[in-house]
Structures are given as structure tokens and as C-alpha cells.
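# Notes for the structure review
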Amino acid sequence: MSENTPHVCCLGEDCGHQIIEVRIGTIGQFYQTLDPSPDLEKDLNPDTVEYLIDTTEEMKNQKEEVHIDLYLEYSLFQNNELKSRMEKSIPAYFSRRVDILEHKHRMSHKKARKNLIRGLAFLIVCVALSVILTNFVDNALVYAFGQSLTVIGWVALWNPAEFYLYNHREEKDEINIMKRLAGASVSSKPFFVLSYNGLPE
């Protein structure tokens, strides 16, 4: 485990909230230190982000609110200004992710609609040609080509079909996860509050 990897604590439940606990020993375990932006605009450590997302996805009740407990190394916890920024940084980061993903989803939806219209128009042309070639031309090769046009026409609809059948739902699920984390409440505690066995001091 590198020094920039957050120590995972656990997932718990309390008072109608799903609680995610994360142990942060250094500032590099929380922020993406190469990002020169101010703290509230800075990207979070990818390992921390991945853990928060994965844990939220595993929650049994997807309707309950999320609360995040940051167990901070004591020197971090004593710095009230830094601690406050860290608590605000999590919902701020995921709010930005929501905006990005919603924009991406709108663009994907717009592209899928255009592809669906093009695909349907192409399918109609292919079916019409197939009917003409298979019914009015007495030639085996032409007949085979006419039959293949129908298949080609349906294949042209695969891209929009894939979006509406699969990608649309997956993108919406990802956005919902980000919204839950963007709306999460966050609080900080020092290391010594932890009492779980096996965690390094």
C-alpha cells in the first residue's frame, strides 16, 4: 500500500444513514496533489474516489442518505481550516462529476436519437431494395444480395439499440451514484476514535 492510498475502514448503518468510513493519514491520500487548483476545486485522490464509489454501489438500500466519516491523522484533524475544506471537498468534487456526466449523457442521448433516425431510414431503403431484388429479379446472386440487404439494414440500428438497451441505464446509474455522494454529509474524527481490530495505527 502506497502512502497515498487511503486506509479503508468500513461501511455501516446508523439512524437511517449509510455510513462510509475512510482513514486518511496524509494530505496526499485525500487530494490529487499534482492538481494546482484551490482545495475546493481540486480533484480527490483516485483511490479515495474509487473506494467511495464502489462502497456506495454496494449499499443495500440505495434510497438512504450517505454519511462519510473521515478519520484523520491527528495533525490534520487539529487544522480546523484544512479539516473544513476537506469536508466540503467531497460533495464539491462529486457535484462537478455530476455536471460532467449529465452533459455527457445528454450528448450521448442526442447522438443516439440521430443515429436511430439514420438507421431507420437506412433500414427502410434496404428492405425496399431487398423486396425488389428478391421478387422481381430472377438471379441467384442477386437474390442472395437482396436477402443480405435486410440483415445490413438491421445491423445499422445496433448503435442506437445498444444505447437505449444498455448504455442509457448504465450512465443513469453512474449519475445517481455521483448524486448520492454529492449530497452526502461529511464529518471528521481523529484516529484515536477508531476501535476496529487490525487497522494500523
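The notes below deal with the structure included here. Remember, it's a predicted structure, so these values are computed and weren't measured experimentally.

### A few points about the overall build of the chain
A count of helical and extended segments in the chain gives five helices and four strands. In sequence order, the secondary structure elements of the chain are arranged as β-β-α-β-α-α-α-α-β. Counting across all 201 residues of the chain, residues that qualify as buried make up 38%. Of all intrachain contacts in the chain linking residues separated by at least 6 positions in sequence, the fraction that spans at least 24 positions is 74%. Of the accessible surface of the chain, which amounts to about 12000 Å², a share of 58% is contributed by carbon and sulfur atoms.

### A short note on the pattern of salt bridges
Applying the stated rule across the entire model yields five salt bridges. Here D173 ties to R169 by a salt bridge, and the two come within 3.1 Å at their closest N and O atoms. Taken together, the residues span about one helical turn, with D173 and R169 both in helix α5 (residues 158-182) at a distance of four residues.

### Quick word on the packing of aromatic side chains
Applying the stated criterion across every chain, the model contains four aromatic pairs. Considering the side-chain rings of Y74 and F77, the 6.4 Å spacing of their centres and the 25° angle between planes classify their relative orientation as stacked. On the criterion of helical spacing, the pair formed by Y74 and F77 is a turn pair, its members being three residues apart in helix α2 (residues 74-78). Residue classification places Y74 among the partly exposed positions, given a relative accessible area of 41%. Residue placement shows K42 over the ring face of Y31; its charged tip is 6.0 Å from the ring centre. For the cation-ring pair, K83 lies above F77, with the distance from its terminal atom to the ring centre recorded as 4.0 Å.

### Side note on the nonpolar core
With 31 residues, the main nonpolar core has L52, I68, L70, I90 and F94 as its most contacted residues. Only β2 (17-24), α1 (46-58), β3 (65-72), α2, α3 (80-136) and α5 provide two or more residues apiece to this core. With residues up to four places along the chain from it excluded, the contact list for L52 reads I20, V22, I68, I90, F94 and L181.

Rules used throughout
- Residues numbered from 1 in each chain as written.
- Predicted model: local features only at pLDDT ≥ 70, side-chain atom pairs only at ≥ 80, totals over all residues.
- Heavy atoms only, no water.
- Helix = DSSP H or I, 4+ residues; strand = E, 2+ residues; numbered from the N terminus.
- Buried < 20%, exposed > 50% of the residue type's maximum accessible area, 1.4 Å probe, protein only.
- Contact = heavy atoms within 4.5 Å.
- Areas by Shrake-Rupley, 256 points an atom, 1.4 Å probe, with all protein chains shown as cover.
- Salt bridge = Lys/Arg side-chain N within 4 Å of Asp/Glu carboxyl O.
- Phe/Tyr/Trp six-rings, centres within 6.5 Å; stacked < 30°, edge-to-face > 60°.
- Lys NZ or Arg CZ within 6 Å of the ring centre and 35° of its normal.
- Core = buried A, V, L, I, M, F, W, Y, C linked by side-chain atoms within 4.5 Å.

In short, geometric facts, not functional conclusions.
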